[in-house]
Structures are given as structure tokens and as C-alpha cells.
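Listed here are the chains, written in short residue letters.
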Amino acid sequence: MSTIQPTTRANPKVAVLSCDGYDPEILDKIIDQAAGEAGFPDITGKRILVKPNLLKAAAPEEAVTTHPGFVAAVLRFLWKRGAASIQVGDSPGHQNSRAVGKASGIFQAAMDGGASWVDFVPGEPRHAAGAKLVKSFRLASALDDCDLVVNLPKLKTHRLASYTGAVKNLFGLLPGLAKSSMHLRFSDKIQFGTMLVDLGLSIENSFHFLDGIVAMQGEGPGNGDPFPLGLVFASKDAAALDWVAASTIGYDPRKIPYLRDAMGRGGHALESPGIDTGSYVIEKKRAKGFKLLPYTAQANASLSEIPHYLEPLAMRFLAERPIFNKERCEGCSACIRICPAEALELGRLKDGKFQVLIDDKACITCYCCHEVCPVGAVSIGKIVWRPGRQRKGK
Ligand code: SF4
Ligand code: SF4
């Protein structure tokens, strides 16, 4: 059974439970109940790969990564259900996974929880049945030796995709720089979303627990603010789970390309996808005051529909590009290393401050630089053509 169902699955089940914090005793009960309601499979004697969100090194309270208490509770649950072995791993964009694991507390949670740590390297090609754009993926080899992926995303806003949860977290199963090449290949936001759904189709067995206890609002996925949402989501169906979670924080999931595509491919009517949430009623629980990001995919997609000769003018009004703040920049080069388009260069000003220079024409607006900056020196906004804008090669 793949992560995203290419064929019609009538009324996918999504369990949503309230949980105010990461207290182990309470969380154990919530995970147990959520799994039961969402139809967690029999894992007696099975090999499990646990995939948290390890975007970058950050303390648990920053809500950048899955909370270590959440990971620990799921590990206890998996052993209790009879797992034979558990590996924990992820592939952060530009940092070593163990370093990120240690900073986030997840490495320790894995060790204390009796799991082993796995570094992701490319495995065998995996066929994505029903794919539209990418027919096969070389995901982490850890998948080749596991019976079930237990996906543990963090609920966050996301500059490129608007929202990130279960479907987007699986992108981290692509080891290292393979992620950059996907950004480069699918710079169009709609196509990028289609690729994400294809990737989900290549994973045969998975289950998803979304950490929405403390979510991230605003400048996600790397530099937003924690938001105490107090919810745990669970499902066999990544897209249905995300549909419910994105709706809960106030998005219209039909405007998020990969969710629209995934649910459409599953044969669900987008006006009323028929997700079974039990007694949970989204309209009653919708989060108030959650700071959302705009639907960036739409703004950038509309740019591609404009005649070529009008592009420079249109870019001025439509395109949202990274803007580098020299007052905050510490010159760590993380943004330069992650940039798939090689559009960035590090410069030094006379006063000793660092200034990141950008080639606006090369930039594919993937926003990876925004994700990884450790000090929030990258914001996203409309280009302002002013004499002082520092541009690479100028
Ligand atoms: S400059 Fe930033 S947004 Fe542009 S391609 Fe590079 S990483 Fe992506
Ligand atoms: S903008 Fe951020 S990521 Fe880029 S060099 Fe400066 S501090 Fe590092």
C-alpha cells in the first residue's frame, strides 16, 4: 500500500486528538489512541524506519524539528506493538544528520528509546506506480531494508509549498544533494508538487503521525514562530492527513498544488473529499490567529503565463525573491551551499559585514536559502530594483 493512494480509497481515515504538551504519560495514551482510530497496521516482527523532520540544527522549543518527546513516545509505542527493529534517520539539506539530531534532541531520544541511527545514502531505484513526472526515485537505502516507514513530520508553514506536513516530510528520504537536483528540475511550483506526489507513490508501506502540538507559524519552515496548536494527527494516508491539518490552520488545501494533485489522483472530489475525521470537526477547531504564508505557488505560476518580453516588468510586481539582510548575515555560507541554481555568492563590505549577492536571473525561487539560514537573515519579498541592490556578477 503506497503512501498516497493512486486508486480511489473511499473515505480515508484521519484521527485528530487534542494534546497540550509533550508529557510522556499523556503522549503515550494519545499516540496509542490516534493509532487505533487511524488503523495502525500489525507490526509484529517488522523492521521500522522512523523519519522525523530534521530540517536543521535547532532546539526543540523552536518548533523547527519534530519534538524529541514526540519521537520518544512513538518509539515506545512501536516496541509495544512488537517491532523487531527500529531505525531513525533523515537527510537535512546542508548539515550532518547526527549534528542536527543532537541539537534537536532527537538523536538522544532515539538512543534512549532503543533505536539505531541511520545515515541516508542512495538505495535501489524505486518504481512510482501511477507517477506523472518521475517514474522512479533513488531514496535512502534504509527503505530497502524496512517493512514500514513511520513518518513523523512537524506541522509548519512553508515558503515554497505554503504548508508542510506528512507529504513534504517524505522529500527528506531523498539523500543529500538529490533534493537540490529535484528543485532544479522542477522549478515550476506546480510541477514540484506533482513530483512530491510521485515520490509518495514510490513508498509502499507507511503510517504518519503529525506533531501539531506546537506548530510553526509565519516564516516557516525554518524561521517561523512556535504556535501552541495542541493537536496530534494520525493516518495511513499522508495527503488526507495534510488536507485536514492544512485546513485546521486556515489554508484552503485546494490552493496548495501538491495536496490538490494528491487528492485528485486518489479520486476524491476536491469540494468534498470525504475524509473521515470521526468526531473532529475542522470548522469548530480552526486555529485562530495562526500566521499563514501566502500561496506562493500561485504568484510564481502566474509569472510563467506572461509573455517573455513583459517578464522583467512582471518580475518586479509578481516574483517573490530572497532578500539578504547584511545586518544579520554571519557569513556561514549555508545558503550558498544549498542553492541548487548556484545563484549566490558571498561578498564582504568595507565595514567588514557580509553581503550575499544574488543572480536574480538564475534564481529559481525554491527558497532553500530561506529555509536553512540559521539567523533569519533571508526574507522573501518582491524585488525592488533600486540602485543599491547587490547582485551577483555586478
Ligand atoms: S537564491 Fe535561494 S531561492 Fe534562489 S535558487 Fe538559490 S536557494 Fe533557491
Ligand atoms: S544569509 Fe544566512 S545562511 Fe546565508 S551566509 Fe548569511 S547567515 Fe549564512
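Here is a short report on the structure shown in this document. These numbers come from a predicted model, not from an experiment.

A few words now on the pattern of salt bridges. Note that side chains of opposite charge can pair when their charged atoms are close. Here the structure, examined in full by the defined rule, presents 19 salt bridges. The partner of glutamate 327 in a salt bridge is lysine 353, with the nearest N and O atoms 3.0 Å apart. Of this pair, glutamate 327 sits in the loop between β13 (320-324) and α13 (334-338) while lysine 353 sits in the loop between β14 (344-348) and β15 (354-358), and the two are 26 residues apart along the sequence. Relative accessible area serves as the criterion here: at 53%, glutamate 327 is assigned to the exposed category.

Counting 65 residues, the largest nonpolar core has Phe137, Leu155, Tyr163, Met195, Phe233 and Tyr258 as the members making the most contacts within it. Elements that contribute at least two residues to this core include exactly β1 (14-18), α5 (166-169), α7 (189-201), β10 (206-217), β12 (231-235), α8 (238-248) and α9 (257-265). Broken down by element, the residue count for this core peaks at eight residues, all from α8. Residues Ala35, Phe70, Val150 and Phe209 belong to the second largest nonpolar core, which totals 39 residues.

With that settled, the discussion passes to the site of ligand 1. Near ligand 1, the surroundings consist of Pro322, Cys339, Pro340, Ala341, Leu344, Ile358, Cys363, Ile364, Thr365, Cys366, Tyr367 and Cys369. For the shell around ligand 1, the per-class residue count stands at 11 nonpolar, one polar and no charged.

Scanning the model with the defined rule gives nine aromatic pairs in all. Taking the centre distance of 5.4 Å and the plane angle of 80° together, the rings of phenylalanine 171 and phenylalanine 192 count as edge-to-face. Separated by 21 residues along the polypeptide, phenylalanine 171 in the loop between α5 and α6 (178-185) and phenylalanine 192 in helix α7 bring together distant segments of the chain. As far as burial versus exposure is concerned, phenylalanine 171 and phenylalanine 192 are alike and both buried. For the pair phenylalanine 227 and phenylalanine 290, a centre-to-centre distance of 4.7 Å together with 55° between the ring planes defines the contact as tilted. Placement of phenylalanine 227 in strand β11 (residues 225-227) and of phenylalanine 290 in the loop between α10 (282-285) and α11 (296-304) is noted, with a sequence separation of 63 residues between them. Across this residue pair, the class does not change: phenylalanine 227 and phenylalanine 290 are buried. By way of ring pairs, the aromatic residues Phe40, Phe77, Phe207 and Phe209 are connected into one cluster.

Here lysine 189 shows up in helix α7. Of note is the side chain of lysine 189, whose polar atom sits 3.1 Å from the backbone oxygen of serine 187.

A word on the site of ligand 2. Not every one of the 14 residues close to ligand 2 is listed here, only the nearest: Cys329, Cys332, Ser333, Cys335 and Cys373. In the shell around ligand 2, the residues fall into 11 nonpolar, two polar and one charged.

Most of strand β8 (residues 154-158) sits out of view: five of its five residues are buried. Here β8 shows two buried faces, one formed by Lys154, Lys156 and His158 and the other by Leu155 and Thr157. As paired strands, β8 and β10 are joined by two bridges and run parallel to one another. Its bridge partner lying in β10, lysine 156 is registered against methionine 216. Here β8 pairs with strand β9 (residues 162-164) via three bridges, running antiparallel. Across the sheet, residue lysine 156 finds its bridge partner in β9, namely threonine 164. The loop that links β8 with its antiparallel partner β9 comprises three residues.

Our focus in this paragraph is unusual backbone geometry. Here the amide bond leading from glycine 220 into proline 221 is cis, since omega sits at 10°, within 30 degrees of zero. With respect to the secondary-structure elements, proline 221 resides in the loop between β10 and β11. Phi is positive for alanine 63, close to 65°, though the residue is something other than glycine. Checked against the element boundaries, alanine 63 lands in the loop between β2 (47-52) and α2 (68-80). Its identity is not glycine, yet serine 333 carries a phi of approximately 70°, on the positive side. Among the structural elements, serine 333 can be located in the loop between β13 and α13.

How each quantity is defined
Starting afresh in each chain, residues are numbered from 1 along the sequence in its written order. Chain letters start at A and ligand numbers start at 1, both assigned in the order the entries are written. pLDDT decides what is reported in this predicted model: residues at 70 or higher carry local features, side-chain atom pairs at 80 or more are listed and counted, and totals for whole chains, interfaces and linings draw on all residues regardless. Only hydrogens and water are set aside; all other atoms, that is, all heavy atoms of the structure, feed into the side-chain values. Salt bridges are defined as contacts in which a side-chain nitrogen from Lys or Arg sits within 4 Å of a carboxyl oxygen from Asp or Glu. Here a strand is any run of E in DSSP of at least two residues, a helix any run of H or I of at least four, and the numbering for each starts at the N terminus. Relative accessibility decides the category of a residue: with a 1.4 Å probe and only protein chains considered, values under 20% of the type maximum give buried, values over 50% give exposed, and everything between is partly exposed. Among buried residues, the Ala, Val, Leu, Ile, Met, Phe, Trp, Tyr and Cys ones that are joined through side-chain atoms within 4.5 Å form a nonpolar core. Note on terminology: near, applied to a residue and a molecule or strand, indicates that one of the residue's heavy atoms is within 4 Å of it. Three classes are used, and their members are as follows: Ala, Val, Leu, Ile, Met, Phe, Trp, Tyr, Cys and Pro are nonpolar, Asp, Glu, Lys and Arg are charged, and the others, Gly among them, are polar. Classification of ring pairs rests on two measures: the distance between centres of Phe, Tyr or Trp rings, Trp counted by its six-membered ring, which must be within 6.5 Å, and the angle between planes, read as stacked under 30 degrees, edge-to-face over 60 and tilted in between. As used in this structure description, the phrase polar contact means that two N or O atoms lie within 3.5 Å; if the pair is within protein, one of them must be able to donate a hydrogen and the other to accept it, and residues adjacent in sequence are counted only when both atoms belong to side chains. Here, any two strands with at least 2 DSSP bridges between them count as paired.

These figures come from the coordinates and say nothing about function on their own.
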